[in-house]
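Given next are the chains, with one letter for each unit.
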Amino acid sequence: MGQVNEKLYGLRAEARGIVNAAARAWQGPGRERDLLVQSLKAAGAATLAWAVSGWWLKDPVALMAPWVAVVLVQATVYRSLFKGLQQLVAIAVGTLLAAGAEALTGNTLISVALVLPVVMLLSNWPRLGDQGIYGPTTALFTLTSGPVSSLTVSHRLLQALLGAAIGIAVNALVLPPVHLRNVRENLSSLAHGTQETLASIAEALAQGEWTEDTPADWRRLADQLEQRQESLRSARLWSHESLRLNPRLPWTSREKLPPTLPPESEDQRWSAIVAQVGAVVSTMVDIADENRTIPAPDQQPLRDYGRLLADLAAACEARAKMAHEPATPADAGGELDEARGELDEALEAVERHHAALHKRLTDERYVSPGTTAVLGTLLIQAQNIWHDIAPDTWPRATARA
């Protein structure tokens, strides 16, 4: 009974996810709407290809055109062209080898046995990418869907070319995709994830105690940061690719990123911050380990370090607001100035707490020798995060406490 309830709960959750995705697609631009547009374009391209090849031309192998068209409505115009060339080569190789084997043997079974091993090996050729599989499938269609002749072979190749032309044309001329939004979304998500990780550690240090699950939670947050960082890299590659050969953009702007796209220096900044946050997490996990190999630090210095991490978390939150796209262009100036003010305030607090902790490291009444070594490592890691968060124009961005 419990398994049935669990499955019902999972189905309800999936249904809610579908409804929420549909609502987001209806409400405004986003990943869900992009997916909807691309799906409708692929369906439209296939329908148009069938109308031309099957209904108008009445070609005996009309299936090839919509089959190729629906696959070539890719996420970018450049990818449609590139994948189109790969697929046409794979289809041509599969068709010609199948036709040659049939002409030599005159037997379908023998031809299949001879051709499939060859085209399966060719399908793994790196230059064909993930389109190589269309070689074996086309060879099978050629040998099993009817008599093989020079007429059917030529028709099959022409229909593949027609489908490719329609698929690429629809993707390029009907709302050609430009993937710029995902970069900003992933950058904002990475910043929020960094803030969440630092805030979690700061909260545990402020309380002065944590459970056995706390280090595992920190590890989980650090792993999520790495995943978000990888998503940002992928989004950046997609954004560059979507600008290539895109008729939606002026020719003069295709070689440079639009001003609405965050600069790649922000990616590098957050990559450095994530690396340092990972180092903090590793040190804190060692401190929380009952079988630790490092000395247990004193509680009061750790609480003070927690306040420093809380200030760093606030700075990350302000940085995240700076990466967030405003609702309207008119809001951009005010929101950016507000975020900069919050960032300056947080960085000043970081500087004060960092300087105070650094000074106390030399006070034997405040810290034990074992605490000095551990806290010194944590302070260096926090200092690196601080300097990476600070903008280049911040007066104290290069200062050393």
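Residues numbered from 1 in each chain as written. Predicted model: local features only at pLDDT ≥ 70, side-chain atom pairs only at ≥ 80, totals over all residues. Heavy atoms only, no water.

Going by what an unreviewed UniProt entry lists, the protein chain is known as Aromatic acid exporter family protein and is assigned to Streptomyces asiaticus subsp. ignotus. Annotation of the protein chain in UniProt includes, under Subcellular location (unreviewed entry), the sentence "Cell membrane". (UniProt positions renumbered as here; feature names shortened; annotations may be inferred.)

Time to look at the overall build of the protein chain. Across its full length, the protein chain carries 13 helices and zero strands. Tracing the protein chain from N to C terminus, the helices and strands come up as α-α-α-α-α-α-α-α-α-α-α-α-α. Of all 401 residues assigned to the protein chain, the portion counted as buried reaches 42%. Taking as baseline every contact in the protein chain between residues at least 6 positions apart, the subset at least 24 positions apart corresponds to 76%. Here the protein chain has roughly 21,700 Å² of accessible surface; of this, 60% comes from carbon and sulfur atoms. (Helix = DSSP H or I, 4+ residues; strand = E, 2+ residues; numbered from the N terminus. Buried < 20%, exposed > 50% of the residue type's maximum accessible area, 1.4 Å probe, protein only. Contact = heavy atoms within 4.5 Å. Areas by Shrake-Rupley, 256 points an atom, 1.4 Å probe, with all protein chains shown as cover.)

Any two side chains of opposite charge can pair, given that their charged atoms come close. Applying the stated criterion to the full structure yields eight salt bridges. Between D130 and K83 there is a salt bridge, with the nearest N and O atoms lying 2.7 Å from each other. Of the two residues, D130 is situated in the loop between α5 (108–122) and α6 (134–144) and K83 in helix α4 (residues 77–105); the sequence distance between them amounts to 47 residues. Put simply, R307 and D304 hold a salt bridge, and the shortest N to O gap is 2.0 Å. One end of the pair, R307, and the other, D304, are both in helix α11 (residues 299–323), three residues apart, so they sit about a helical turn from each other. Each of E266, R269 and R319 takes part in a single network of salt bridges with overlapping partners. (Salt bridge = Lys/Arg side-chain N within 4 Å of Asp/Glu carboxyl O.)

A general trend in soluble globular proteins is that nonpolar side chains are found buried together. Formed by 50 residues in total, the largest nonpolar core has its most connected members in Y305, L309, L312 and I389. Where this core is concerned, the elements lending two or more residues are α8 (181–207), α9 (214–242), α10 (264–288), α11, α12 (329–360) and α13 (369–389). (Core = buried A, V, L, I, M, F, W, Y, C linked by side-chain atoms within 4.5 Å.)

A separate point is empty space enclosed by the protein. This structure, assessed with the given rule, holds one cavity of 30 Å³ or more. Volume-wise, the largest cavity comes out at about 30 Å³. Looking at the largest cavity, the residues that line it are A90, V93, V119, L122, S123, L128, G132, G135 and P136. Taken together, the elements giving at least two residues each to the lining of the largest cavity come down to α4, α5 and α6. Here the residues of the lining of the largest cavity sort into six nonpolar, three polar and no charged. (1 Å grid on protein atoms, 1.4 Å probe; cavity = no way out; pocket = protein on both sides within 12 Å on 5 of 7 lines; lining within 4 Å. Points joined across faces, edges and corners; volume = space filled by probe spheres on them. Nonpolar A, V, L, I, M, F, W, Y, C, P; charged D, E, K, R; others polar.)

With that settled, the discussion passes to the packing of α4 against α5. Two elements in contact, α4 and α5, have axes separated by 9 Å at closest approach and are oriented at 150°. With respect to each other, α4 and α5 are oriented roughly antiparallel. Between α4 and α5 the crossing geometry is right-handed. On α5, the residues that touch V93, G94, L97, A98, A101, E102 and T105 of α4 are T108, I110, S111, L114, V115, V118, V119 and L122. For the contact of α4 with α5, a count of residues per class yields ten nonpolar, four polar and one charged. (Axes fitted to C-alpha atoms, helices over the stretch in contact; angles between N-to-C directions. Parallel < 35°, antiparallel > 145°, perpendicular 65-115°, else oblique. Left-handed = near helix turned anticlockwise from the far one by under 90°.)

To continue, consider the UniProt feature "transmembrane region" (unreviewed entry) in the protein chain. Per the UniProt record, "transmembrane region" (unreviewed entry) is found at residues 63–81, 88–116 and 157–175. Taken end to end, residues 63–81 comprises 68% helix and 0% strand; its first and last C-alpha atoms sit 21 Å apart. End-to-end, the C-alpha atoms of residues 157–175 are 28 Å apart, and along that stretch the chain is 89% helix and 0% strand.

Along the chain, the position of E226 falls in helix α9. Distance in space between the C-alpha atoms of E226 and G278 is 8.9 Å, their sequence separation being 52 residues.

For the rest of this paragraph, the subject is a nonpolar patch on the surface. A contiguous nonpolar surface patch, about 340 Å² in accessible area, is contributed by V89, V93, L97, V118 and L122. Sorting the residues of the nonpolar patch by element identifies α4 and α5 as the ones contributing at least two each. Examined against the element boundaries, V89 turns out to sit in helix α4. (Patch = residues over 30% accessible without salt bridge, like charges linked within 9 Å, V, L, I, M, F, W, Y side chains within 5 Å.)

For the rest of this paragraph, the subject is the packing of aromatic side chains. A complete count under the given rule lists three aromatic pairs for this structure. Between W67 and F141, the aromatic rings sit 5.4 Å apart at their centres with planes inclined by 80°, giving edge-to-face as the arrangement. Here F141 lies in helix α6 and W67 lies in helix α3 (residues 64–71), a separation of 74 residues in the sequence. In this structure an aromatic cluster arises from ring pairing among W67, Y134 and F141. (Phe/Tyr/Trp six-rings, centres within 6.5 Å; stacked < 30°, edge-to-face > 60°.)

What follows concerns unusual backbone geometry. Here K58, not a glycine, exhibits a phi torsion of approximately 50°, which is positive. Along the chain, K58 falls in the loop between α2 (31–56) and α3.

What follows deals with α5. The terminal C-alpha atoms of α5, which comprises 15 residues, lie 21 Å apart, in line with the 21 Å expected from a rise of 1.5 Å per residue. Maximum bend of α5: about 30°, positioned at V115, with proline P117 one to four residues after it. Along α5, the residues classified as buried are S111, V112, V115 and V119. Buried residues belonging to α5 abut α4 and α6. The distance from a side-chain oxygen at the start of α5 to the backbone nitrogen of L109 is 2.9 Å, and the residue carrying that oxygen is N107. (Expected span 1.5 Å × (residues − 1). Bend = angle between axes of the 7 residues up to and from the residue. Polar contact = N/O pair within 3.5 Å; in protein donor to acceptor, adjacent residues only side chain to side chain.)

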